[in-house]
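Working through the structure, step by step
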Amino acid sequence: MDTATTTCSAVDLAALLSSSSNSTSSLSAATFLCSQISNISNKLSDTTFAVDNTYLLFSAYLVFAMQLGFAMLCAGSVRAKNTMNIMLTNVLDAAAGAISYYLFGFAFAFGTPSNGFIGRHHSFFALSSYPERPGSDFSFFLYQWAFAIAAAGITSGSIAERTQFVAYLIYSTFLTGFVYPTVSHWFWSSDGWASASRSDNNLLFGSGAIDFAGSGVVHMVGGIAGLWGALVEGPRIGRFDRSGRSVALRGHSASLVVLGTFLLWFGWYGFNPGSFLTILKGYDKSRPYYGQWSAVGRTAVTTTLSGCTAALTTLFSKRLLAGHWNVIDVCNGLLGGFAAITSGCAVVEPWAAIVCGFVASWVLIGFNLLAKKLKYDDPLEAAQLHGGCGAWGLIFTGLFASKQYVNEVYSGDRPYGLLMGGGGKLLAAQIVQIIVIVGWVTVTMGPLFYGLHKMNLLRISAEDEMAGMDMTRHGGFAYAYNDEDDVSTKPWGHMAGRVEPTSRSSTPTPTLTV
Amino acid sequence: MSGAITCSAADLATLLGPNATAAADYICGQLGTVNNKFTDAAFAIDNTYLLFSAYLVFAMQLGFAMLCAGSVRAKNTMNIMLTNVLDAAAGGLFYYLFGYAFAFGGSSEGFIGRHNFALRDFPTPTADYSFFLYQWAFAIAAAGITSGSIAERTQFVAYLIYSSFLTGFVYPVVSHWFWSPDGWASPFRSADDRLFSTGAIDFAGSGVVHMVGGIAGLWGALIEGPRRGRFEKGGRAIALRGHSASLVVLGTFLLWFGWYGFNPGSFTKILVPYNSGSNYGQWSGIGRTAVNTTLSGCTAALTTLFGKRLLSGHWNVTDVCNGLLGGFAAITAGCSVVEPWAAIVCGFMASLVLIGCNKLAELVQYDDPLEAAQLHGGCGAWGLIFVGLFAKEKYLNEVYGATPGRPYGLFMGGGGKLLGAQLVQILVIVGWVSATMGTLFFILKRLNLLRISEQHEMQGMDMTRHGGFAYIYHDNDDESHRVDPGSPFPRSATPPRV
């Protein structure tokens, strides 16, 4: 809220008015005027809370819509026989995440006062005495919950099509309830050791790391977790043949991929601009039209430009590399552009966002080539996109953050982008963030996936993988376009006989005509 | 709004001394301007809030259309989606013409409203176009629910008739009873004139919307009977599975998204301080409502996941989706007046209620393609009871006006009166909807306007009445050229798909 509070001292005002008749009525006049001004001040405060909560709530709803987008993107990117499985994991990410984030995740992330590593104020666990103070209401909790479940959703993409359902439940609860909140505490809490909004002036390198909406905190965390899951369990059967050649296991519906991508784009307008949390704040008395609402708008613009540039760059480079115009690749490129700009969307000029998207496209293509070389299989390219483009986004901010915007968003006179003349401290903090996130997620999620693997709880059997998990664990095939495909009307024995794993086919009968 | 900014120039002038009239006029003028600006700002903010909430509730139409489409067999996809589009369209017209007036046209004697037909004398000091649009979005939600129960076997003209009647009359009357300041059971009546000193608490419509839609669907499905092949001669239930789990999940998530307009939006205003100048105001209650909604749905989803894993041996995404929606339907009544932990209890129980109602339906051979009566009727009723048990006094006073000694949740120490009012609501809704919609469906059946013929049902309504199959994935699948426009049957000798 604007710090120019409206105050009034009746005694002082009375002294100014005392040239009129007698001092008693001056005091009464002054008291009256002061109480009215106090009224105005309260009404302004109420108005500001209403406006800011409206803004944050609707931003939270948009971020939630990204769950739907990711569910559709995932569904379309996997083979039809695993559709129900992947969508169920997306629904459950959100549901289990709500419970674990409410019970303790939110407290670990934002419970203050606390130490720099993890939050621990008792009143934040299960929101027990909430809202405690201004600036932190239920709308803030809902917004942060929506972010937390986004991270878990990303990881599910890397381990799609071959992971046991109980492994999903375990990793998802752990990631949303502990691993992710800790990272968000470091970089977003006012107590966090690396946070750029740290309140005690003990900023990392005098700067703090700037990750405005979470290229690192959300995208890298989700991507690196996915990386370990996919590495530990290995590629899908048939993905790399005996001579090491990679075989594309294409997703079953491009329409769902595009639907999901557009919904993610739509929701990103809550993810990036919404991270301001409030909108009613003036920046400059001499320019009353310029305030936080302008920065919010600019953030939406930089987001858009980065994604669009990445999409176009991917379109043309894939045309050169593969010989045709590929909508799936363009969608992934678009999302990579968004993942990258997420870190610096609030603190860079629009032209810089174009640079961000352009490079993000090449980063994604590069990581995909590397993955192919190393025989790393990720059905959604999640580690490459969210991990790789997320890391690029952090570096990008260290290069291009503008002085004016950094000082508007994060108060004080602090380091800014290297290529803008701001020195190397911000970039150093960004690199520290990358290293620390990779390290933390590796030492938490790596052993978790390894432990699950050792207990035979991670990967499904080869038979189940060939048959498809929908058939073996989820009650049947996701699609039934003709009545004779509806196997539920046939005896169980008949259905079991129709499933035959072969070395070439990737779908069992009945064949889906999509 | 509290703390009005007022100013009397005459009084101020005497206080300021003999030559101060001009100064006083000036100061009062400025304060008057400030007051007006605040009033304008409040209306702008509240209308923004309500309009965008209305757009979210409208998005639930899309969600329900996708849920319905995915839950029926492919051969009936176009039919069910058309009914969803028409619910919204016909509802728009009839709710405008007289539905809104029946619902909110005050002042009345408590049964039905009678002003503002076709939005005459509108806007009023208490209701603007944003309010109308919001209420319209609710009205079409109720009609949409019913279409799920009678899917796959109902004549299209029957849809048009029941939908107009439900949205234009049956539903508005119910919303008048519980949501209008004049309604006989409304908690918005003056404090000394409320049912059991409280009125029935149904904040966003577990009863008014979900039970009305569900009970109407129940009668439609009962009167026309189960789909062919649903129950074998020996009584065994055969699952007639929907054709696309992707559409089911898409629809469920869109409904979830829209529910953030449905529940928190029902406050209709966000700029209402509880203690002017404090950070705690109606915006906090709205945030808490969104959190409660989320927790109830999520708990119901998880409970259903594990419950069905135990009962059927696998993890079933469409069941989880239905469980999720049941959790939302239940919390809808009490989302604004309970603590977050109570919302978790609500969702947990809603899941069990849904599983139980589904078992009961199978036992009595009741067929509902969307489980609409079980979900919206059953979980909606549970949601009303839940309020009678868990409503918190502080929140009731914030939302419905401070009333010393008001009844609140039984388990919170508030006595049994609120629960009593909730039970009255359940009985009255079941009675009213049965008497109106039950009769309508019965008449339609008698006139042979309700159910389609057996042949059409086996072929699928898209082929026989809607121009052809919904999906054409290979060019030689396009059979539309084989259908004789004058006849509902394909020209070719291909026997009808079974």
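No experiment lies behind these values; they were computed from the predicted model shown. (Residues numbered from 1 in each chain as written. Chains lettered and ligands numbered in written order. Predicted model: local features only at pLDDT ≥ 70, side-chain atom pairs only at ≥ 80, totals over all residues. Heavy atoms only, no water.)

Glancing now at empty space enclosed by the protein. Residues and elements named next belong to chain A. All told, the structure shown has 10 cavities of 30 Å³ or more when counted by the stated rule. Put simply, the largest cavity is a space of about 200 Å³. Taken together, 18 residues line the largest cavity, and the ones lying closest to its centre are F70, I154, H219, L264 and H386. For the lining of the largest cavity, the secondary structure elements donating two or more residues are α2 (23-77), α4 (138-158), α6 (215-233), α7 (254-271), α9 (327-341) and α11 (382-400). (1 Å grid on protein atoms, 1.4 Å probe; cavity = no way out; pocket = protein on both sides within 12 Å on 5 of 7 lines; lining within 4 Å. Points joined across faces, edges and corners; volume = space filled by probe spheres on them. Helix = DSSP H or I, 4+ residues; strand = E, 2+ residues; numbered from the N terminus.)

All names here are of chain A. Of note, S255 is situated in helix α7. Note on S255: relative accessible area 57%, which makes it exposed. For the pair S255 and V327, spaced 72 residues apart in sequence, the C-alpha separation works out to 9.9 Å. (Buried < 20%, exposed > 50% of the residue type's maximum accessible area, 1.4 Å probe, protein only.)

Turning our attention to the UniProt feature "transmembrane region" (unreviewed entry) in chain B. All names here are of chain B. Residues annotated in UniProt with the feature "transmembrane region" (unreviewed entry) correspond here to residues 48-72, 93-112, 132-150, 157-179, 199-223, 244-262 and 423-444. Across residues 132-150, the secondary structure splits into 95% helix and 0% strand, with the terminal C-alpha atoms separated by 29 Å. In residues 244-262, the share of helix is 95% and the share of strand is 0%. The end C-alpha atoms are 26 Å apart. (UniProt positions renumbered as here; feature names shortened; annotations may be inferred.)

Per the UniProt entry, the sites bearing "domain: Ammonium transporter AmtB-like" (unreviewed entry) are residues 49-471 of chain B in this numbering. Here residues 49-471 of chain B is 64% helix and 0% strand, with 39 Å between the C-alpha atoms at its ends.

Moving on to the packing of aromatic side chains. All names here are of chain B. Applying the stated criterion across every chain, the model contains 84 aromatic pairs over all chains. Here R309 stacks its cationic end above the ring of W315, 5.1 Å away from the centre of that ring. Positioned above the aromatic ring of Y395 is the side chain of K392, whose terminal nitrogen or guanidinium carbon lies 5.1 Å from the ring centre. (Phe/Tyr/Trp six-rings, centres within 6.5 Å; stacked < 30°, edge-to-face > 60°. Lys NZ or Arg CZ within 6 Å of the ring centre and 35° of its normal.)

Looking now at the interface of chain B and chain A. Taken together, the 79 residues of chain B in the interface contact 78 residues of chain A. Between chain B and chain A lies a buried interface of about 6700 Å² when both sides are counted; carbon and sulfur atoms form 74% of it. Together, R241, F253 and W315 of chain B form the three largest contributors to the area buried by chain B at its contact with chain A, with a combined 11%. Across the contact surface, chain B and chain A share zero salt bridges. Counting the contacts that link chain B with chain A gives nine residue pairs in polar contact (both at pLDDT 80 or more). Put simply, the parts of the chain that give the side of chain B that touches chain A at least two residues each are α1 (9-16), α2 (21-71), α7 (245-262), α8 (282-312), α9 (317-331) and α10 (340-363) of chain B. Per-element tally for the side of chain B that touches chain A: the top contributor is α8 of chain B, with 15 residues. Counted by class, the side of chain B that touches chain A contains 53 nonpolar, 21 polar and five charged residues. (Contact = heavy atoms within 4.5 Å. Buried area = accessible area lost by both parts, 1.4 Å probe. Salt bridge = Lys/Arg side-chain N within 4 Å of Asp/Glu carboxyl O. Polar contact = N/O pair within 3.5 Å; in protein donor to acceptor, adjacent residues only side chain to side chain. Nonpolar A, V, L, I, M, F, W, Y, C, P; charged D, E, K, R; others polar.)

Let's shift gears to the side chain of S266 of chain B. Topologically, S266 of chain B is positioned in the loop between α7 and α8. Note on S266 of chain B: relative accessible area 16%, which makes it buried.

A few words now on a nonpolar patch on the surface. A surface patch of nonpolar side chains, about 360 Å² in accessible area, is lined by L312, F316 and W325 of chain A. The topology assignment puts L312 of chain A in helix α8 (residues 292-322). (Patch = residues over 30% accessible without salt bridge, like charges linked within 9 Å, V, L, I, M, F, W, Y side chains within 5 Å. Areas by Shrake-Rupley, 256 points an atom, 1.4 Å probe, with all protein chains shown as cover.)

Right, let's talk about unusual backbone geometry for a bit. With omega at 0 degrees, the peptide bond leading from F122 of chain B into P123 of chain B counts as cis. Tracing the backbone shows P123 of chain B in the loop between α3 (77-104) and α4 (129-149). Of note, E161 of chain A is a non-glycine position whose phi angle comes to about 75 degrees, a positive value. Relative to the helices and strands, E161 of chain A resides in the loop between α4 and α5 (165-188). In this model, S197 of chain B sits at a positive phi of 65 degrees, which is unusual for a non-glycine residue. Mapped onto the secondary structure, S197 of chain B falls in the loop between α5 (156-179) and α6 (206-224).

Take the nonpolar core next. Counting 288 residues, the largest nonpolar core has W145 of chain A together with Y171, V209 and W256 of chain B as the members making the most contacts within it. For this core, the leading source of residues is α2 of chain A, giving 19 residues. Core analysis: the next-biggest nonpolar cluster, separate from the first, contains seven residues, A29 of chain A together with L16, A24 and C28 of chain B among them. (Core = buried A, V, L, I, M, F, W, Y, C linked by side-chain atoms within 4.5 Å.)

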